Amino acid sequence: MRIASPNGSSPVGFSYQLIATDPSTRARRGRIQTRNGSIETPVFMPVGTQATIKTLHPHEVARLGAQIVLANTYHLMLRPGPELIDLAGGLHPFMRWDRPILTDSGGFQISLWRSKRKSLTTVCAFGRISTVHCTC
């Protein structure tokens, strides 16, 4: 199985392979391949909302078996901010994490907190910054 974008093309450096399906539950096991490594699914994803897993160094997170880390675009925009992430060379160097990263859109936080701190336009524009949004 290939993952395709809305225009039908496959994202560069990204693929999905279906490995097995349970006939009674339809549960699936697969492998996602990204530029930064493979992810066996299903997968447990530690949450590093603001680009860090609290109390753990990135090498400890890797040693515990994490294949991917989840971060939140809205929280990253507020702190540390796009300027600091860009200065570090992108989200991977900033986090000192060389494996895949998944960032959610922060849409929930945008709808919940849009009247606080930043305008909706500022938050949405941040999501277009490639070093933060392009996470695989």
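Provided above is the structure to which this section pertains.
Residues numbered from 1 in each chain as written. Predicted model: local features only at pLDDT ≥ 70, side-chain atom pairs only at ≥ 80, totals over all residues. Heavy atoms only, no water.

Asks: Please clarify how the overall build of the protein chain should be interpreted in this entry.
Replies: When helices and strands are counted, the protein chain shows seven helices and five strands. Going from N to C terminus, the protein chain has its helices and strands arranged as β-β-β-α-β-α-α-α-β-α-α-α. The buried share of the protein chain, taken over its 136 residues, is 29%. Pairs at least 24 apart in sequence give 53% of the contacts found in the protein chain among residues at least 6 apart. Only carbon and sulfur atoms are counted for the fraction: they give 57% of the accessible area of the protein chain, which is about 8,600 Å². (Helix = DSSP H or I, 4+ residues; strand = E, 2+ residues; numbered from the N terminus. Buried < 20%, exposed > 50% of the residue type's maximum accessible area, 1.4 Å probe, protein only. Contact = heavy atoms within 4.5 Å. Areas by Shrake-Rupley, 256 points an atom, 1.4 Å probe, with all protein chains shown as cover.)

Asks: Help me understand the layout of surface pockets, please; the structure alone is not making it clear to me.
Replies: Space inside the second largest pocket adds up to approximately 150 Å³. Lining the second largest pocket, in full, are Q50, A51, T52, I53, L56, H57, P58, V61, V69, F94, M95 and W97. Secondary structure elements with two or more residues in the lining of the second largest pocket: α1 (58–63) and α4 (91–95). Split into classes, the residues belonging to the lining of the second largest pocket amount to nine nonpolar, three polar and no charged. (1 Å grid on protein atoms, 1.4 Å probe; cavity = no way out; pocket = protein on both sides within 12 Å on 5 of 7 lines; lining within 4 Å. Points joined across faces, edges and corners; volume = space filled by probe spheres on them. Nonpolar A, V, L, I, M, F, W, Y, C, P; charged D, E, K, R; others polar.)

Asks: Would you mind showing me how to read the pattern of salt bridges here?
Replies: One side chain can pair with another of opposite charge once the charged atoms of both are near each other. Evaluation of the coordinates by the stated rule reveals two salt bridges. A salt bridge links R29 to E40; the nearest nitrogen and oxygen atoms lie 3.8 Å apart. Remark: E40 occurs in strand β3 (residues 37–41) and R29 occurs in strand β2 (residues 28–34); sequence separation between them is 11 residues. The class for E40 is partly exposed, based on a relative accessible area of 27%. With its nearest N and O atoms 2.6 Å apart, the salt bridge here joins R31 to E40. You can call R31 partly exposed: its relative accessible area is 28%. Salt bridges sharing common partners tie together R29, R31 and E40. (Salt bridge = Lys/Arg side-chain N within 4 Å of Asp/Glu carboxyl O.)

Asks: Sorry if this is basic, but what is going on with the sheet that holds strand β1 (residues 15–21) here?
Replies: Hydrogen bonds along the backbone pair up the strands of a sheet, which may run parallel or antiparallel. An order of β1-β2-β3 is seen for the three strands of this open sheet, with the pairing classed as antiparallel. Either end of the sheet is taken by a strand with one partner, and the two such strands are β1 and β3. Along the sheet, successive strands turn relative to each other by an average axial angle of 15°, direction set aside. Pairing analysis gives five bridges linking β2 to β3, with the strands arranged antiparallel. Bridge pairing in β3 places R31 opposite E40. (Pairing = 2+ DSSP bridges. Axes fitted to C-alpha atoms, helices over the stretch in contact; angles between N-to-C directions.)

Asks: Looking at this model, I keep getting lost on the nonpolar core. Mind explaining?
Replies: Nonpolar side chains in soluble globular proteins tend to be buried together. Formed by A51, I53, V61, A66, V69, A71, L76, I85, L91, M95, W97 and I101, the largest nonpolar core amounts to 12 residues. Those elements giving two or more residues to this core turn out to be β4 (69–72) and α4. Setting aside residues up to four positions removed in sequence, A71 forms contacts with G48, T49, L76, I101, L102, T103 and D104. (Core = buried A, V, L, I, M, F, W, Y, C linked by side-chain atoms within 4.5 Å.)

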